[in-house]
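# Structural overview
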Amino acid sequence: MLKTGKDHVASLQDGRQVTIDGTPAGDVTTHPAFRQTVQSVAKLYDFQSAPENVELMTFDTGDGSRANRIWQLPRSFDELVERRKALVAWTELHGGFLGRAPDHVASCISGMVMGLPAFEAYDKERAGALESYYRYARDNELYLTYVIINPQADRSKAAHEQADPFLSAGVVDQDAEGLTIRGAKMLATGGIVANEVFVTCIQPLREGEERYAVSFAIPMNTKGLKVLSRKSYEAAASSVFDYPLASRFDENDAVLYFDDVKVPWDRVFINQDIKMTAAQFHATPAHVYQNYQAQIRLMVKMRFLAGIARKIAETNGIIAFPAVREALGQVSAQCTLVDALVHSMEVKGTHHNGYFVPDAATLYAAQVLTQQSYNAFIGSLRELAGGGLIMLPSSLADFADPQTRALIGKTQQSPTTDSEGRVKFFKLAWDAIGSEFASRHTQYEMFYAGATFVTKNHAFRTFDWDSSTGLVNRMLDTYALDDELAHLKTAAE
């Protein structure tokens, strides 16, 4: 039985400890800071369980049941493409604005399972725990978030050198039942509307930081797990009409604090091993697979934003201006670049342990280029819109007064729509590229993959340098100094 939206909403009514604006949130499915985002996530599950979408969105697990393709472990190029089509369909429901929708961390865990031999070489029992958890998460259609970064504090010091050695989440104790974890991790994007959290560290760890080198997964309502939410853009959104994105797709970010949280052994995948904590991402397809999903999401998001750009030009009646067409040409080129890179990752994919995975070098090239270009991409849309983004009625309440509505009709005009249509569209455009919600998304796209030096190092590490230097060396081998001197001597004679 596939999970429905109603099932997901019910799964979040589990007593999780979320704090926002100084008070406990209580039931997150009804709280004004989260309720509409909960419903947006619910619609993802309603979509996948609709009879007409089952073939697109799910795959046969081999035991007579079907599961969402976010958990699929593709054996071929064709299976990878089918999975991408499902991810695109899901992403189109939120325009790419749910950066940590259920398909992201599912991709991470799936990538680790595709590289299970690396875990087996480390510890067969821990590998068994990971494989069992993958099947449990897949079969129960869990929505996972993750926290893989330590809190920002004194970056000149290691985690164990901070004033509080348990500022970052680490092992306090272990016994026959499992690990006891104390400290904080960031950034649980989507965690408030997720079922469980995968906890580990993607940052390089040094000798002495073993207690932080763990990898495990627990439910969001685990005793002692405290969720500290950032400001809610949904709560600040006055209406869907005024903030159509912030009001419904604010996945929220949160700091998690582990107040001596007990993690049972069957949920522990790595225990205090620095080398394996790094290997779980890079000795398996996990890092590539999860970021391939992120590029699919970004591809859809940039298509959506390109649509905003085109409609700005049409709404303002400037689509025929040469300079505008030039600007739209730039937007379309950047959008198509991401699309092409996603498809290239698939075409150049290779087999790993019998599974077909996207090409790493192309993925990391895409991350470097999109980090650099996203700001300029948004800037192009802002330039196209000009003052249209700010010359808007204060809220939909202005339409309730007949006299004010008449004035809106006189001042908000377009060759392609009426005043209501113009205001509705530019409210959407503002929420996509100009609002506080939009600003958070710009920051997110710049840093979700890590700082630029991180992605550039991944690009350096995975590029085929031998092929490039081989071209240079072969060219150098086509001539020699002594030969040239001989030619020179002959010519002089």
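Relevant structure appears above.
The present account deals with the structure reproduced in this document. (Residues numbered from 1 in each chain as written. Predicted model: local features only at pLDDT ≥ 70, side-chain atom pairs only at ≥ 80, totals over all residues. Heavy atoms only, no water.)

With that settled, the discussion passes to the overall build of the chain. Summing up its helical and strand segments, the chain has 18 helices and 14 strands in all. With respect to the principal axes defined by its C-alpha atoms, the chain has extents near 90 × 85 × 55 Å. For the chain, buried positions account for 53% of its 493 residues. Across the chain, every contact between residues at least 6 apart in sequence was considered, and the portion connecting residues at least 24 apart equals 75%. When the accessible area of the chain is evaluated, it comes to approximately 21800 Å², of which 55% is carbon and sulfur surface. (Helix = DSSP H or I, 4+ residues; strand = E, 2+ residues; numbered from the N terminus. Buried < 20%, exposed > 50% of the residue type's maximum accessible area, 1.4 Å probe, protein only. Contact = heavy atoms within 4.5 Å. Areas by Shrake-Rupley, 256 points an atom, 1.4 Å probe, with all protein chains shown as cover.)

Here we come to the nonpolar core. Formed by 128 residues in total, the largest nonpolar core has its most connected members in W71, F119, F216, L256, F258 and L305. With 15 residues, the top contributor of residues to this core is helix α10 (residues 286–315). Not counting the four nearest positions on each side in its chain, F216 is found in contact with I181, V197, F198, V199, F258, V263, R267, V268 and F269. (Core = buried A, V, L, I, M, F, W, Y, C linked by side-chain atoms within 4.5 Å.)

Further remarks concern the packing of aromatic side chains. Describing an aromatic ring pair means giving the distance of the ring centres and the angle of the ring planes. According to the stated counting rule, one finds 16 aromatic pairs in the structure shown. Measuring from centroid to centroid gives 6.2 Å for F216 and F258, while their planes differ by 85°, and the two rings are edge-to-face. You can see F216 sitting in strand β9 (residues 214–219) and its partner F258 sitting in strand β11 (residues 254–264), a full 42 residues away along the chain. Considered together, F216 and F258 belong to a single accessibility category, that of buried residues. Ring plane angle 20° and centroid distance 6.3 Å describe the contact between Y289 and Y292, whose orientation is recorded as stacked. With a gap of 3 residues between them, Y289 and Y292 both fall in helix α10, about one helical turn apart. The two residues Y289 and Y292 agree in class, both being buried. (Phe/Tyr/Trp six-rings, centres within 6.5 Å; stacked < 30°, edge-to-face > 60°.)

Below, the discussion takes up the sheet that holds strand β10 (residues 225–229). The strand order across the open sheet built from 6 strands is β2-β1-β10-β11-β7-β6, with neighbouring strands paired in mixed fashion. Of all strands in the sheet, those bounded by a partner on one side alone are β2 (23–24) and β6 (170–174). (Pairing = 2+ DSSP bridges.)

This part takes up the pairing of β9. Along any regular strand the residues' side chains alternate between the sheet's two faces. Burial within β9 is extensive, with 5 of its 6 residues counted as buried. Note that strand β8 (residues 196–199) and β9 share 4 bridges and pair antiparallel. Residue pairing in the sheet places V197 in a bridge with I218 of β9.

What follows is about the sheet that holds strand β12 (residues 268–271). Taken together, 4 strands build an open sheet; the order of strands is β5-β8-β9-β12 and the sheet is mixed. Every interior strand has two partners, whereas the edge strands, β5 (144–147) and β12, have only one. Averaged over all adjacent pairs, the angle separating strand axes in this sheet is 25°, with direction ignored. Across 4 bridges, the pairing between β5 and β8 is parallel. Pairing of T145 across the sheet is with V197, part of β8. Against the sheet, helix α9 (residues 274–282) touches β8, β9 and β12, its axis set at about 130° to β12. (Axes fitted to C-alpha atoms, helices over the stretch in contact; angles between N-to-C directions.)

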